[in-house]
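Reading the structure
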Amino acid sequence: MVVQSPHSVESSVPTAKNGSKRQLGKGLPAKDIVSPVGQRRASARLQAAKERAEKKLLTKRKVEPPDEDGKSSRKKVNVDAENLKLKQAPTEVQQLPQVSPDPTEPKISHKVAKMVERAAKISAGLDATNAPSEKSAHIKVKETTRLFNKHYLHFVQEEEKRCAAVKVDKKAPKGKNAKKGVVPEADVKAKAKRPDLKAISKMMEKNEVLYPEKRIGSLPGIDVGHRFYSRAEMVAVGFHSHWLNGIDYMGQSYKKGEYEHYIFPLAVAIVLSGMYEDDLDNAEDVVYTGQGGHDLTGNKRQIRDQVLERGNLALKNCVDLGVPVRVIRGHESSSSYSGKIYTYDGLYKVVQYWAEKGISGFTVFKYRLKRLEGQPTLTTSQVQFTYGRVPKSTSEIRGLVCEDISGGQEDIPIPATNLVDDPPIAPTGYTYFKSMKVPRNIKLPDNATGCNCNGLCWDPKTCACARLNGSDFPYVQRDGGRLIEAKHVVFECGPKCGCGPSCVNRASQRGLKYRLEVFRTPKKGWAVRSWDFIPAGAPVCEYIGVLMKTEELDSVSDNNYIFDIDCLQTMRGLGGREMRQQDASLPMIQNMEKIDEQRSESVPEFGIDAGSFGNVARFINHSCEPNLFIQCVLSAHQDIKLARVMLFAADNIPPLQELTYDYGYALDSVYGPDGKVKRMACYCGAEDCRKRLF
């Protein structure tokens, strides 16, 4: 890898206002997330180093040092003049197909994308500010999906509580008062509801759907090959507006303004998921069976005639008008909670329709669709879906240079591969450590008094640890434990708690769960990816190294593996940090004013140095659009200054996608010993990349 930070917890933790590691990150779902090129906080430790260098230079020049009252730990984002270019990016404005007043003679124009210019000015030797920038369409899609995931996990938690309460009621002793605690079976079934459907209902209620109005053609930010992990996820974005029906169409309510010459209903998208026995999918050429008349139990058989209305009529009108539709293919997948993954395969033209007797003897409507030319190559073939070539064993790994960089310390081996260097080399210059290395001069706090739960913690009203998290558990049981949303700090059950290792509130303590690989890249050095699907909110790994006091780190500014533990400063909103939701009952809050007055309160007291000793986290690279975020976690003790630093999945991460988080540098915030600004190019490749790491 090129560089690790002086990382900071604050800079990579998502909040209700921003979301992962920009300012506070771009992590779990958030609606009002700050712009990806918004302000970023400079490390207080680096600022202190900079000020010492400046004073030394001023002394040499016999210049009066500036008043310390004027210093600030926060900088505006600057743009590297050498990399500054006028960029043109497509907006979300999409020109609709032009339809002539005479519907019998449809006329379709090519898609016209309106371009906008983005530029910034920079003054030599001075801090510059970014010109306000509209979020890219891809960022908006990602943020909306994260918001859906947050709502979804909240409702998963509700369902888990309901099921746990039912189990307790069933175990209640029978007697005169037994009926008071027993929930009738009919009531239990009536209350049960899919969390994904509840999530989209919540988003519709709060007007959080990204594209609430239906559109013809492709949607901004959703490219060919985009994957959805449920039908509900498509509804949340507005890509396909129904979680069950295969055909999404515009009704008569759209017959106004720009659509006045169209014939309605008019189809905009279809889902091919093998639900009909008469479907024929040959990738570029599809014969699609209309909707209705099939057995909803899942055996795919027709049980009645189809009728030329609603979605069927909408597809017929697409033939008459020559309007293309979006085609999404569904594929079986154990990775998705819905059991399927849905891939957008591009625009198809409906070229023909007819009615015939189907395999089961009932009338069905058939539609032939042909894929429009000039689109990216299909990522699916027939009804097979592939992520990429995931090795089944180490013998299949190309470029293997180390079978396990942990040397057997981790439960799951971490291989290292190198297809870049010649001859290939393995990662060197460090010693792998699975747990934090604590020097003798640092004394860890005593174990905190735990909860009195027995076996498992399930009732947040009686669990002492749940009360610290705002009277609820931060995790759901699903997928081995997933964090619902980011918090200032997560309080987990610890050594003195009565619960066992399978408790829902110990999700980050179970070690590596996913098969990770360290691999060599052409420009970024070493990087990390997973062979397994990682669901949003899942803990990935802890940032491990040597725990050190900040003053001991001041002399190692060239060490690129230092992570500042600044949870306390984030909670207080110091040094430009954006405070997050106050939903935890923190025992140390009462003593926050007792911080050593000789130290700047905005400077963290401790940091983690992974330069010489560390785990797989030291190889995880920066990205301006990351798929991981940082979360402070307390388990054994409750000293926020010594919180564990955990990396969680911000998105549903498919196999072989590089794992990244935002290092959170403010541009021009890193200084050399001579007091001059240091610069490093960013090679993350994100659409909204800042082009500079610092």
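Report follows, based on the coordinates. All values derive from a computational prediction rather than experimental measurement.

Moving on, we come to unusual backbone geometry. With an omega dihedral of 0°, the bond running from Phe264 to Pro265 counts as a cis peptide bond. Topologically, Pro265 is positioned in the loop between strand S7 (247-250) and strand S8 (266-272). Cis geometry is adopted by the peptide bond preceding Pro423, which originates at Asp422 and carries an omega value of 5°. For Pro423, the location among the structural elements is in the loop between strand S17 (416-417) and strand S18 (431-432). One non-glycine residue, Ser471, lies in the positive phi region at around 65°. Structurally, Ser471 can be placed in the loop between helix H8 (464-468) and strand S19 (475-476).

Moving on to the sheet that holds strand S22 (residues 516-521). Paired through backbone hydrogen bonds, the strands of a sheet run either parallel or antiparallel to each other. Read from one edge of the open sheet, four strands run S16-S17-S22-S23, paired in mixed fashion. Each edge of the sheet is formed by a strand with only one pairing partner; in this case those strands are strand S16 (400-402) and strand S23 (525-530). Pairing of S22 with S23 involves six bridges; the strand directions are antiparallel. Along S23, the bridge assignment pairs Thr521 with Gly525.

Turning our eyes to something else, we now look at the sheet that holds strand S24 (residues 539-542). In spatial order, the strands read S21-S30-S31-S24; together these four strands make up an open sheet with mixed pairing. Looking at the sheet topology across the chains shown, the edges are occupied by strand S21 (490-491) and S24. Here two bridges tie S21 to strand S30 (residues 628-634), and the two strands are oriented parallel to one another. Looking at the pairing, Val490 lines up with Val633 of S30.

Within this structure, the stated rule accounts for 24 salt bridges. Arg644 is the partner of Glu492 in a salt bridge, and the nearest nitrogen-oxygen pair spans 3.6 Å. Of this pair, Glu492 sits in the loop between S21 and S22 while Arg644 sits in strand S31 (residues 644-649); the two residues are 152 residues apart in sequence, bridging distant segments of the chain. The two residues Glu492 and Arg644 agree in class, both being buried. With a closest N to O distance of 2.8 Å, Asp532 and Arg515 form a salt bridge. Taken together, the residues Asp532 in the loop between S23 and S24 and Arg515 in the loop between S21 and S22 connect sequence positions 17 residues apart. Note on Arg515: relative accessible area 31%, which makes it partly exposed. Linked by salt bridges that have partners in common, Glu492, Glu542 and Arg644 make up one network.

As a further point, take the pairing of S30. Buried residues dominate S30, accounting for seven of its seven residues. Of the two faces of S30, the one carrying Leu628, Ile630, Cys632 and Leu634 and the one carrying Phe629, Gln631 and Val633 are both buried.

This brings us to the environment of Lys140. Considering the arrangement of structural elements, one finds Lys140 in helix H2 (residues 137-171). It is 7.6 Å that separates the C-alpha atoms of Lys140 and Leu210, two residues lying 70 residues apart in sequence.

Thresholds applied
- Residues numbered from 1 in each chain as written.
- Predicted model: local features only at pLDDT ≥ 70, side-chain atom pairs only at ≥ 80, totals over all residues.
- Heavy atoms only, no water.
- Helix = DSSP H or I, 4+ residues; strand = E, 2+ residues; numbered from the N terminus.
- Pairing = 2+ DSSP bridges.
- Salt bridge = Lys/Arg side-chain N within 4 Å of Asp/Glu carboxyl O.
- Buried < 20%, exposed > 50% of the residue type's maximum accessible area, 1.4 Å probe, protein only.

Keep in mind these numbers describe shape, not what the thing actually does.
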